[in-house]
Amino acid sequence: MCTFVSVIKNLINLLTNLIFTRMKQLYATIAVVAAALTGGSVTALAAQQQVTPEGFVYNISDAGTASLFTILPGMPGASVTELTIPDVINCNGVDYPVTALEANCLKNHASVQKLVLGKNVTEIGDYALQGCSSLSEVQFDDALKTIGNMSFYQCTSLGNLTFNEGLETIGSYTFWQNQPVKSVYIPASVKKIGANPWGECSAMEKVEVDPANTSYVVIDGVLFDINVETLICLPCAKYFIETGMVYTVPSTVKVLLNNCMRANPFMIEYVLPEGLETIGAQAFLGCSNLTKLNIPSTVTSIGNDVFLLLPKLTSFSVAEGNKKYRSENGMFLTADNSELIYCLIASPDVVIPEGVKSIKAKSFQQKSALVNVTMPSTLQSVGANSFTGCENLEKVTFNAGLQTIGDNAFANCKKLVGADLTGVRTIGAQAFAQCDMLTDVKFGPMLLSLGRLAFNNCWNIRSIELPGTIAMFGTGVFSNCQRMTTIKLGEGLSEIPEGCFTTNLLLEEITIPSSVKKIGRDAFNYNVNLKRVTFNEGLRSIGGGAFTTCDLLKVELPSTVTEIGDLSFSNNVNMESFVAGSNLKTIGSGAFVNNVLLQSAALNDGLESIGADAFSGTGLTEVVIPASVKSIGKNVFDLCDELAFIEDRAETPQTLTEDIFSGDSSTSYDYVELRVPAASVEAYKAADIWSKFSNIVPLSSGVEDIESIGEVRITDIYDINGVRLDSPAPGLNIIRTSDGKVRKVMVR
């Protein structure tokens, strides 16, 4: 355990140092550019980094060598078509040999068509010229020793190259997708070649190796190590100009390197020898015409995604005697039957064998023939992307013991109708996303985790009932379930996360359990028919936009809520009333903006902040600002055309730096009456912004006898702490009446 912790700490320290070094270089570059733009042929910064007027940035090492770090956008060098790396750069009278092109230094520079290396360049770093799509010619100098991983990846115009004698290392995937390449000649000096440097070079027919090379050999145009034990590269166009389209791997081969045969569109069969031990990751991926494959008994290791995208495979088997793997009905399994690794040939009805505990990632991916799947009673986990894109899959019989469903496991299964997940504990991100026909989903009491967007865009789900056991609840889980009408949330849930139920167009009501402490940003955003939300005591905060563009008629917060975020209840055009709980501290910007029918907002003593535009565009007729309010934002009551008076109970005017009403409604200062404590009238008249009100008057006690309210009907009653009452209680009451007014009345 101590060793493991030590390794992790060392890795963290290494990553931290790398990030710090890179950031330091970037900051230095900015400083250098600023200096270069003000003059000078080459500007240096502490002899560590320098930039030329063309925008080429070089790093200077302690050993006195230079390396190309980047070309700055917008500078002349960024648009050159022919790029020559100099032998040396001079700074402050000192020549520094340019010995390297650093990782990523010219990545995605689309203008470069020709690259000429200086005589001192010994290394081209990883990804150095990746994505230079116009690059068609490279001139290597004899000093070059190393070409890094993916350094010319996706240089789609780059054809045949002449490597220099003296080159020692060619990295993995170095020249991938360089479509014009037809042949490669490897010098005698090359000692190390990574995983298939020429993968997906669709025109490549052969590899040649200098006869004096002691590390590699070519047999029939295919590249091997010198002992013919590792197959490195079978060119994509091999056998395109020959007949047969069947390749027999030499009997001495023990290892098929990663991607070594990938994306060969012409092969119909690979004959693998007994004695083969390892098949590297993606070795056969994308061999679109491969029809037959037999795994020898000696194979003990197979990498990821080896069998992906083999649409024409009709014959697959594992030789008898293999102690690691077996096959059954087109399925590739471990010998002990515990793991289904891949389904190579899918029939409409698949029964996964008993004993299988896990289905590996991508195992049934895009198997369009699949219609029905029956899981075994032993199954515990379904891997990521395992059934994604099975466009005709209609039914999956889930077993009671299934515990984990991975990310994207059933995503885009357009015809899947139901999912009984009553035993499942963990459902990964987007696990059932875009299952258009999914209508019936059942969860059980063991559910602990729902990943991000797990059921996003499942348009036909009608109802869900979530247990209170969920501890990890991802964002947007049920977003855009447009036909959802019923949501039942179990007690025990502590949070409704960001965007969880957004755009559920038919949902009309929801009850928030008392265990929920937080409703996240946009949680119920754009539920255009949502009319009723029952908030329970225990809720503390409501995130920004949580209920924006709903159809809420009134909002009454429990006493435990302390914060409602920006735009939290905005665009509820039919909302008539809002009652704050007794402990609300903050109303966010635009919280009720554009609620045109909102006539009543009962704000609590203890409220401290009202954000900008909070009540802009509402139908408020009167507002009482508690004395506790310390901050009032810009345009807070803008475009409130029905507003007759504002009652501010603060004895000291709040400091305002911007208008309560915007320029478009600045005349509101003339007709809206401002009522303030009698002793504070002059202070308000002298205060910035407040002084714009034409009519500032002392407020009365505002307390009426209940008998004085006349013929209007009492609709709501609260005590002085904002707690709802069933009937008037002796003492001071706050009531709302049928004429839309809020009054303080004394019941004697």
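Up top is the structure these notes are about.
The model shown is predicted, which means the values in this text are computed figures rather than measured ones. (Residues numbered from 1 in each chain as written. Predicted model: local features only at pLDDT ≥ 70, side-chain atom pairs only at ≥ 80, totals over all residues. Heavy atoms only, no water.)

With respect to the overall build of the protein chain
Stated precisely, the cut-off is as follows: Put simply, DSSP marks the helices as runs of H or I at least four residues long and the strands as runs of E at least two long, and each gets a number from the N terminus on. Here the globule rule is a power law, 2.2 Å times the number of residues to the power 0.38, and the radius of gyration is based on C-alpha atoms. We call two residues contacting when some pair of their heavy atoms lies within 4.5 Å. Accessible areas in this description were obtained via Shrake-Rupley with a 1.4 Å probe; residue shielding takes into account the shown protein chains only.
A count of helical and extended segments in the protein chain gives 3 helices and 62 strands. For a compact globule of 748 residues, the expected C-alpha radius of gyration is about 27 Å, and the protein chain comes in at 36 Å, more than 25% above that figure. When the backbone C-alpha atoms are referred to their principal axes, the protein chain occupies close to 110 × 75 × 50 Å. Put simply, of all contacts in the protein chain between residues at least 6 apart along the chain, 30% involve residues at least 24 apart. For the protein chain, the exposed area adds up to about 31800 Å²; of that, 51% sits on carbon and sulfur atoms.

Some words on the sheet that holds strand β56 (residues 673–676)
Selection criterion: When DSSP finds at least two bridges between two strands, those strands are taken to pair. Whenever a helix is involved, its axis is fitted only over the stretch in contact; in every case the axis is a line through C-alpha atoms, and angles between N-to-C directions fall within 0 to 180 degrees.
Strand order in the open sheet formed by 4 strands is β53-β55-β56-β57, with parallel pairing between adjacent strands. Only two strands of the sheet have a single neighbouring strand rather than two, namely β53 (622–625) and β57 (696–698). Taken over all neighbouring pairs, the strand axes of this sheet differ in orientation by 20° on average, direction set aside. Alignment of strand β55 (residues 645–648) against β56, held across 3 bridges, turns out to be parallel. Along β56, the bridge assignment pairs Glu647 with Arg675.

Concerning a nonpolar patch on the surface
Which entries qualify depends on this criterion: Only residues whose relative accessible area exceeds 30% and that form no salt bridge are eligible for patches; like-charged ones are grouped when within 9 Å, while nonpolar side chains (Val, Leu, Ile, Met, Phe, Trp, Tyr) are grouped when within 5 Å. Each reported salt bridge corresponds to a side-chain nitrogen of Lys or Arg within 4 Å of a carboxyl oxygen of Asp or Glu.
Nonpolar side chains collect at one region of the surface, where Met245, Val246, Ile268 and Val271 lie side by side and expose about 240 Å² of accessible area between them. Structurally, the position occupied by Val246 is in strand β19 (residues 246–248).

Points about the sheet that holds strand β21 (residues 269–271)
Taken in spatial order, the 4 strands line up as β19-β21-β23-β25 in an open sheet, and their pairing is parallel. Because the sheet does not close on itself, it has two edges, and the strands there are β19 and β25 (315–318). This sheet shows a mean twist of 15° between the axes of neighbouring strands, independent of strand direction.

Considerations on the side chain of Lys367
Stated precisely, the cut-off is as follows: Partly exposed describes any residue whose relative accessible area lies between the buried limit of under 20% and the exposed limit of over 50%, with all areas from a 1.4 Å probe on protein chains only and scaled to the type maximum. For this count, His and the chain ends are skipped, Lys and Arg are scored as positive, and Asp and Glu as negative. N or O atoms closer than or at 3.5 Å make up a polar contact, with two conditions inside protein: a donor-capable atom paired with an acceptor-capable one, and, for residues adjacent in sequence, both atoms drawn from side chains.
Within the secondary structure layout, Lys367 lies in the loop between β30 (358–359) and β31 (372–374). Asp305 is the oppositely charged side chain nearest to the buried, salt-bridge-free Lys367, at an N-O distance of 11 Å. Of note is the side chain of Lys367, whose polar atom sits 3.3 Å from the side chain of Tyr342. Within polar-contact distance, the side chain of Lys367 engages the backbone oxygen of Cys343 at 3.3 Å. Ignoring anything within four residues of it in the chain, the contact list for Lys367 reads Tyr342, Cys343, Leu344, Ala346 and Cys390.

Side note on the pattern of salt bridges
According to the stated counting rule, one finds 16 salt bridges in the structure shown. A salt bridge links Glu328 to Arg326; its shortest N-O distance comes to 2.5 Å. Arg326 gets classed as partly exposed once you look at its relative accessible area, which sits at 24%. The network of salt bridges with shared partners includes Glu556, Asp716, Arg724 and Arg736.

So, the nonpolar core
So the rule is basically this: Throughout, nonpolar core names a set of buried Ala, Val, Leu, Ile, Met, Phe, Trp, Tyr and Cys residues whose side chains join them through atoms within 4.5 Å.
The biggest cluster of nonpolar side chains holds 116 residues, and the ones touching the most others in it are Phe432 and Phe455. Not counting residues within four places of it along the chain, the set of residues in contact with Phe432 comprises Phe398, Ile405, Phe410, Ala411, Leu416, Ala419, Leu421, Ile427, Leu438, Ala454, Phe455 and Cys458. Counting residues in hydrophobic clusters, the runner-up holds 50 residues, among them Tyr58, Ile89, Val98 and Tyr216.

A word on the pairing of strand β62 (residues 742–747)
Relative to β62, strand β61 (residues 731–737) runs antiparallel, the two sharing 6 bridges. Bridged to Ile735 within β62 is Arg743. The antiparallel hairpin formed by β61 and β62 contains 4 residues in its connecting segment, where Gly740 sits at a positive phi of about 90°.

What to know about the packing of aromatic side chains
Under the convention used in this document: Think of it this way: a Phe, Tyr or Trp ring, Trp meaning its six-membered ring, pairs with another when their centres are within 6.5 Å, and the plane angle makes it stacked under 30 degrees, edge-to-face over 60, tilted otherwise. Any Lys NZ or Arg CZ that is within 6 Å of a ring centre and within 35 degrees of that ring's normal is treated as a charge sitting over the ring.
A full pass over the atoms with the stated rule returns 35 aromatic pairs. Aromatic side chains Phe443 and Phe455 sit 5.6 Å apart centroid to centroid with 90° between the ring planes, which places their arrangement in the edge-to-face category. One end of the pair, Phe443, is in strand β37 (residues 440–443); the other, Phe455, is in the loop between β38 (449–450) and β39 (463–466), and 12 residues separate them in sequence. Between Tyr684 and Trp690, the ring centres sit 5.4 Å apart and the planes meet at 70°, which makes this aromatic pair edge-to-face. You'll find Tyr684 and Trp690 in the same group, each marked buried. Looking at Lys107, its charged tip hangs above the ring of Tyr127, at a distance of 5.7 Å from the centre. Above the ring of Phe645, the side-chain terminus of Arg675 is found at 3.5 Å from the ring centroid.

Section: the side chain of Ser568
Residue placement: Ser568 occurs in the loop between β48 (563–564) and β49 (577–579). Overall, Ser568 belongs to the buried group, its relative accessible area being 0%. In this view, Ser568 contacts Ile542, Gly543, Gly544, Gly545, Ala546, Phe547, Thr548 and Ala591; residues no more than four positions away in its chain are not counted.

Description of unusual backbone geometry
Glycine aside, residues mostly have negative phi angles, and peptide bonds mostly take the trans form. We note that Asp522 has phi near 60°; this positive angle belongs to a residue other than glycine. Summarising the element assignment, Asp522 is placed in the loop between β44 (518–519) and β45 (532–534). Positive phi outside glycine occurs at Asn635, with the angle close to 55°. Since its relative accessible area comes to 11%, Asn635 is described here as buried.

As for the state of the cysteines
Under the convention used in this document: Here, two cysteine sulfur atoms that lie within 2.5 Å of each other are counted as a disulfide.
Throughout the structure, instances matching the rule amount to 0 disulfides. Note on Cys413: no disulfide assigned, nearest cysteine sulfur contributed by Cys390 at a separation of 5.1 Å. As a non-bridged cysteine, Cys458 has Cys435 as the owner of its nearest cysteine sulfur, 5.1 Å distant.

Digging into the environment of Pro626
With respect to the helices and strands, Pro626 occurs in the loop between β53 and β54 (631–632). In this structure, the C-alpha to C-alpha distance between Pro626 and Leu607, residues 19 residues apart in sequence, is 6.9 Å.

Describing the environment of Lys741
Residue position: Lys741 is located in the loop between β61 and β62. On the basis of relative accessibility, which here comes to 39%, the residue Lys741 falls in the partly exposed class. On a C-alpha basis, the gap between Lys741 and Glu622 in space is 7.9 Å, while along the polypeptide they are 119 residues apart. In this structure, Lys741 is in contact with Glu622, Ile735 and Arg736, ignoring residues within four places of it in sequence.

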